[in-house]
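Inside the fold
For reference, the chains in residue letters:
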Amino acid sequence: MKSIHKFISESLALRNENNSLRTLKAESNLLDFCSNDYLGFARSSDLRILFEKELKKYPNYSMGSGGSRLLAGNSTFAEELEQEIANFHQSEAALLFNSGYDANVGIFSSIPQRGDTIITDEFIHASIIDGVRLSHATRYVFKHNDLESLEQKLKVSKGKIFIVVESIYSMNGDQAPLIELSHLAKQYDAALIVDEAHATGVFGELGKGLVYDLGLCDQVFARVITFGKALGTHGAAILGTEALRSYLINFSRSFIYTTAASFLSHLAIKCAYHELRNSDYQSPLKERIKYFRESITSNIKLLNSQSGIQIILIPGNKEAREAALNIQNAGFDVRAILSPTVAQGTERIRICLHNHNSMDDIQRLSHNLNQIIK
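Sequence order as written defines residue numbering, which begins from 1 separately in each chain. pLDDT decides what is reported in this predicted model: residues at 70 or higher carry local features, side-chain atom pairs at 80 or more are listed and counted, and totals for whole chains, interfaces and linings draw on all residues regardless. Water and hydrogen atoms were dropped before computing side-chain values, which therefore reflect all heavy atoms in the structure.

Moving on: the overall build of the protein chain. In this description a helix means any DSSP run of H or I spanning at least four residues, a strand means any run of E spanning at least two, and both kinds are numbered starting from the N terminus. For the protein chain, the helix and strand inventory stands at 14 helices and twelve strands. Here the globule rule reads 2.2 Å times residues to the power 0.38, and the radius of gyration is calculated from C-alpha atoms. In summary, the protein chain has a C-alpha radius of gyration of 21 Å against a globular reference of 21 Å for 374 residues, a match within 12%. Viewed in the frame of its principal axes, the protein chain has a C-alpha envelope of about 55 × 55 × 55 Å. Out of the 374 residues in the protein chain, the part that is buried amounts to 53%. Contact criterion: two residues are considered in contact whenever any of their non-hydrogen atoms come within 4.5 Å of each other. Considering only intrachain contacts with a sequence separation of at least 6, the fraction spanning at least 24 residues in the protein chain is 71%. A 1.4 Å probe and the Shrake-Rupley method give the accessible areas. Residues count as covered only by the protein chains that appear here. With the model as given, the accessible surface of the protein chain reaches about 18,000 Å², and the carbon-plus-sulfur share is 51%. Positive: Lys, Arg. Negative: Asp, Glu. His and the chain ends are not part of the count. Charge positions come from single atoms, namely NZ of Lys, CZ of Arg, CG of Asp or CD of Glu. Of the side chains in the protein chain, 39 bear a positive and 41 a negative charge, and the two mean positions are spaced by 5 Å. For each residue, the accessible area found with a 1.4 Å probe, counting protein chains only, is set against the maximum for its type, and the residue is called buried under 20%, exposed over 50%, and partly exposed in between.

So this is what it looks like as structure tokens:
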């Protein structure tokens, strides 16, 4: 066991030496510019009141689930919620998962098989990479949003082919060229899978997502949506056909072998969708994004993004960490994204804009960024 302790100590020491040691931070009194709560649902008093009101209608539902969905954890409520979610996003069916990580691991570890090919954007989320590894399929990586690079990989692909992208990239905030990707998928008989985690609730009519907004629902094999970001709750769902839903129920290990989410979690999701349908939360966020981008001086390396994720490049772990700390000391909760999470030399500050950020908050943040980052 001494060798294991030594390995752990040396690994942590190396991370510390590289200025990339991760630590947990509790809540602070800083202004929130780092969470994924784009619409402010996680802190919404209206959503809380609605949840408490709806909860009284279900006195017979238990606090927990009691087992997996295939044992004691299923309910009519969960199945009706899945159909409601599917209808909202213009999908034939939906299947709930306990997190976006579980959803991605579940679909990519079960459908692609040895001899198949998965082609992913180089900036794809770690949960997708982990799922792909479990599939034993051949994986190719194409340059970020580069259609020519993708087609080169498509030409040498074998077996069933899967193209995997995020509609909005979590570490860049930019969009995937979904229309062009759908054309290539059709040309090469590939299945296009889109992770909509950072587009759900933010893009499209009432926040139905970028796939819906572009009219591609019928051309995308599967969509992964999550509820822990703009919807302010927890969990995820995979959207697709009834056949896909049935396949995942039978073969997706992260669905089969886990305790189902509680009724309370499902009720919170239902309430969040009620809020989405009953008000325009997208326009106020767009106004804040536009205002922020116009407030940043040209000497700052601000990546192109029309999402709530705004990225300022500050190469070097030490430099990015110090810049983030200086901004935090000014009262704003922003976080540095360091290598190895991003490629060395592309370290950055990741700023998330929300409806609960006032225009004055954004103006003061921009002023401090312009003063601190030279």
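Let's shift gears to helix α2 (residues 45–55). Those residues of α2 that sit buried are Leu47, Leu50 and Glu54. Buried residues in α2, looked at end-on, bunch into an arc of 60°, giving them a common side. Of the residues in α2, the exposed ones pointing more than 90 degrees away from the buried face are Arg48, Ile49 and Lys53. What qualifies as a polar contact is a pair of N or O atoms within 3.5 Å, subject to a donor-acceptor requirement within protein and to the restriction that residues adjacent in sequence count only when both atoms come from side chains. Capping of α2 at its N-terminal end is provided by Ser44; its side-chain oxygen lies 3.3 Å from the backbone amide nitrogen of Asp46. Note that the arc is defined by the directions from the helix axis to the C-beta atoms.

As a further point, take helix α12 (residues 282–295). For an α-helix the count is 3.6 residues per turn, leaving residues at separations of three or four pointing the same way. By this rule, a helix spans an expected 1.5 Å times one less than how many residues it contains. For α12, which comprises 14 residues, the first-to-last C-alpha distance of 20 Å matches the rise-based estimate of 20 Å (1.5 Å per residue) to within 8%. When α12 is considered as a whole, its buried residues turn out to be Gln282, Leu285, Arg288, Ile289 and Phe292. When α12 is viewed along its axis, its buried side chains cluster within an angular range of 125° and face the same direction. Away from the buried face of α12 by more than 90 degrees, exposed residues Lys286, Lys290 and Glu294 are located. Buried-residue contacts for α12 involve α11 (263–278), β9 (309–313), β12 (348–352) and α14 (359–372).

What follows concerns the packing of aromatic side chains. The rule is short: rings of Phe, Tyr and Trp, with Trp giving its six-membered ring, pair when the centres are within 6.5 Å, and they are stacked under 30 degrees, edge-to-face over 60, tilted in between. Applying the stated criterion across every chain, the model contains twelve aromatic pairs. When the ring of Phe41 is compared with that of Tyr281, the centres are 4.8 Å apart and the planes differ by 85°; the resulting orientation is edge-to-face. Highlighted residues: Phe41 in the loop between β1 (31–32) and α2 and Tyr281 in the loop between α11 and α12, separated in sequence by 240 residues. A relative accessible area of 3% places Phe41 in the buried class. Pairwise contacts between aromatic rings join Tyr58, Tyr61, Phe77 and Phe263 into one cluster.

Turning our attention to the pairing of strand β2 (residues 93–97). Buried residues dominate β2, accounting for five of its five residues. Going residue by residue along β2, you find Ala93, Leu95 and Phe97 tucked away on one face and Ala94 and Leu96 tucked away on the opposite face as well. Of the pairings in the sheet, the one linking β2 to strand β8 (residues 236–240) comprises five bridges and is antiparallel in character. Across the sheet, the residue bridging to Leu95 is Ile238, located in β8. Strands are treated as partners if at least two bridges between them are detected by DSSP.

Our next topic: the nonpolar core. Buried residues of nine kinds, namely Ala, Val, Leu, Ile, Met, Phe, Trp, Tyr and Cys, make up a nonpolar core once their side-chain atoms join them within 4.5 Å. Among the nonpolar cores identified, the biggest contains 79 residues, and Ile85, Val165 and Ile351 are the most heavily contacted of them. Of the residues forming this core, the biggest block, seven residues, is contributed by α11. Residues in contact with Ile85, not counting those within four places in the same chain, are Ala94, Leu96, Ile225, Phe227, Leu239, Ile269 and Tyr273. Formed by 25 residues, the second largest nonpolar core is a distinct cluster that contains Ile107, Ile238, Leu244 and Phe255.

With that settled, the discussion passes to the sheet that holds β9. Here three strands make up an open sheet; going across it, the order is β9-β12-β11 and the pairing antiparallel. Each edge of the sheet is formed by a strand with only one pairing partner; in this case those strands are β9 and β11 (335–337). Looking at each pair of strands side by side, their axes are set apart by 35° on average, direction ignored. Where helices are involved, their axes are fitted lines through C-alpha atoms of the stretch in contact, as for all axes, and angles between N-to-C directions lie from 0 to 180°.

Our focus in this paragraph is the sheet that holds strand β7 (residues 222–226). Picture the strands of a sheet paired through backbone hydrogen bonds; they go either parallel or antiparallel. Strand order in the open sheet formed by seven strands is β2-β8-β7-β6-β5-β3-β4, and the pairing between neighbours is mixed. This sheet does not close on itself; its edge strands, each paired only once, are β2 and β4 (138–142). Adjacent strand axes in the sheet meet at a mean angle of 20°, parallel and antiparallel pairs treated alike. Where β7 and β8 come together, four bridges link them in antiparallel fashion. Paired with Thr226 across the two strands is Ala236, which belongs to β8. Where helix α6 (residues 147–155) meets the sheet, its contacts fall on β3 (117–121), β4 and β5 (161–166), and the angle it forms with β4 comes to roughly 160°.

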